[in-house]
Amino acid sequence: MKEQITPLPPIAQFILTRRIACAALALVMFTAAIWGVAAGAVPLLAVIMSFAGLTLHMLTPALFALIVFGGGLIYSLQVAGIAALAVTVITGFSLMSGTVFLLLYAILPALAAVSLARIGGIRRSAQQLALGLFVATITALLAGAESQGVDMHTFVEQMLAPIFNTLFSSIPSEEQAALTSIVEIQTMTAWALPGFLAFSLWMLWWMDVLLARKIAVKYGFYKGDHSEMLMIRFDKGTGIALIVAAALANITEGSVQYIAISTGIMLAGLLALQGVSVAHLWLRARGMQMTLVIMYLLLFIWSVMVLPFIIVGLLDIWFDFRRNFISADGGK
């Protein structure tokens, strides 16, 4: 029986099929993060507006992925160009703001959407986004460090200093154990920030692209690969890159070591997701729903639990564990 397609609401169809209207929507979503400022006089309203605005802001990549599914890459880039010009104008002709919007919020998710629609695109889409966002994060931090005349690690420490200085000032000097703990946390955060930031952005952007695909499928204008997220399996290059990054992190010093650690964190995050996908499908194939819930609960409250999944994800690249039980699950 043919699946019934839900018709696209008229207002959505009107906006998505007109470049100016579509670019205006993208501009509203991109600038929505400052809504809380406008409601600053009313604290509760400011919190609500800030949350709603930030959510819309982070959904901007989903809009461009959706445009690709409905109108194609060229149409999406035309809308992106109009919106980027508007962003440049409203930010006081800041070319940096317009460029960031164009590259990160429009072009990257648009290209990821194109890849996702192709056979086996679930992996290529994820890898393209990961590479693009990681390069963007490192480039931004290197540019900031260069402007301050310091290395990237020092620059990140300077960025974090105001936050931790506030914590230090709130703890009595006689609480040496607490002060020592905060110093350790500050050191770990400074080392982990670039990789964790890039991975967090990747998760948001990729979820946006997958959300766009889900919407496009619902309204009948998606034509392409329908593989679910749990089928993601990175190539051997990703596994080798993680091993090389781990080696460089242990045998180098300075900026090379710092970037190697950042790279390792990013790649470990990707492979942890692959490991979680393997475990999820394995448990689902055996009807172990309660164990599945416990697995995610432990991942949420106990960060060290991610380590076994990184190993599983890395091994899965070469051994493809899912082929042994995916048939029992029916691929669902």
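Nothing here was measured: the structure is a model prediction, and the numbers come from that model.

(A) Quick look at the overall build of the protein chain. A count of helices and strands for the protein chain gives 15 helices and 0 strands. The C-alpha atoms of the protein chain give a radius of gyration of 22 Å, which matches the 20 Å a tight globule of 332 residues would have. The dimensions of the protein chain, computed from C-alpha atoms along their principal axes, are 70 × 55 × 40 Å. The buried share of the protein chain, taken over its 332 residues, is 39%. Counted over contacts in the protein chain with a minimum sequence separation of 6, partners at least 24 positions apart contribute 70%. Carbon and sulfur atoms form 72% of the exposed surface of the protein chain, whose accessible area is close to 17,900 Å². Within the protein chain, the 15 negative side-chain charges are centred at a point lying 22 Å from the centre of the 17 positive side-chain charges.

(B) Geometry of the pattern of salt bridges. All chains considered together, the criterion is met by 5 salt bridges. Here D235 and R123 are joined by a salt bridge, their closest N and O atoms 3.4 Å apart. You can see D235 sitting in the loop between α10 (176–218) and α11 (236–251) and its partner R123 sitting in helix α8 (residues 121–148), a full 112 residues away along the chain. The class for R123 is partly exposed, based on a relative accessible area of 23%. For R284, the salt bridge identified is with E228, shortest N-O distance 3.2 Å. Of this pair, R284 sits in helix α12 (residues 254–285) while E228 sits in the loop between α10 and α11, and the two are 56 residues apart along the sequence. By relative accessible area, which is 23% here, E228 ends up partly exposed.

(C) Quick peek at the confidence of the model for the protein chain. Per-residue confidence for the protein chain gives a mean pLDDT of 90, with 94% of residues at or over 70. Ranking the elements of the protein chain by mean pLDDT puts helix α15 (residues 326–329) last, at 52, and helix α6 (residues 73–90) first, at 97.

(D) Representation of unusual backbone geometry in the model. With a phi close to 55°, F93 is a non-glycine residue in the positive phi region. Mapped onto the elements of the fold, F93 is located in the loop between α6 and α7 (95–116). The phi torsion at D320 lies on the positive side, around 50°, for a residue other than glycine. Looking at the secondary structure, you find D320 in the loop between α14 (306–319) and α15.

(E) Examining the nonpolar core more closely. Formed by 69 residues in total, the largest nonpolar core has its most connected members in F64, I67, F69, F101, L129, W202 and W206. Here the element with the most residues in this core is α10; it accounts for 11 residues. Among all residues touching I67, those that are not within four sequence positions of it are L16, C22, G72, Y75, S76 and V79. If you look at the next biggest cluster of nonpolar residues, it comprises 7 residues, including A279, L292, M295 and M305.

(F) Expanded view of the environment of V150. Looking at the element boundaries, V150 is found in the loop between α8 and α9 (152–169). Considering only alpha carbons, one finds V150 and V47, 103 residues apart in sequence, at a separation of 36 Å. What V150 contacts, discounting residues up to four positions off in sequence, is A145, F155 and Q158.

Calculation criteria
Residues numbered from 1 in each chain as written. Predicted model: local features only at pLDDT ≥ 70, side-chain atom pairs only at ≥ 80, totals over all residues. Heavy atoms only, no water. Helix = DSSP H or I, 4+ residues; strand = E, 2+ residues; numbered from the N terminus. Rg over C-alpha atoms; globule rule 2.2 N^0.38 Å. Buried < 20%, exposed > 50% of the residue type's maximum accessible area, 1.4 Å probe, protein only. Contact = heavy atoms within 4.5 Å. Areas by Shrake-Rupley, 256 points an atom, 1.4 Å probe, with all protein chains shown as cover. Lys, Arg positive; Asp, Glu negative; His and termini not counted. Charge placed at Lys NZ, Arg CZ, Asp CG, Glu CD. Salt bridge = Lys/Arg side-chain N within 4 Å of Asp/Glu carboxyl O. pLDDT = per-residue confidence, 0-100. Core = buried A, V, L, I, M, F, W, Y, C linked by side-chain atoms within 4.5 Å.

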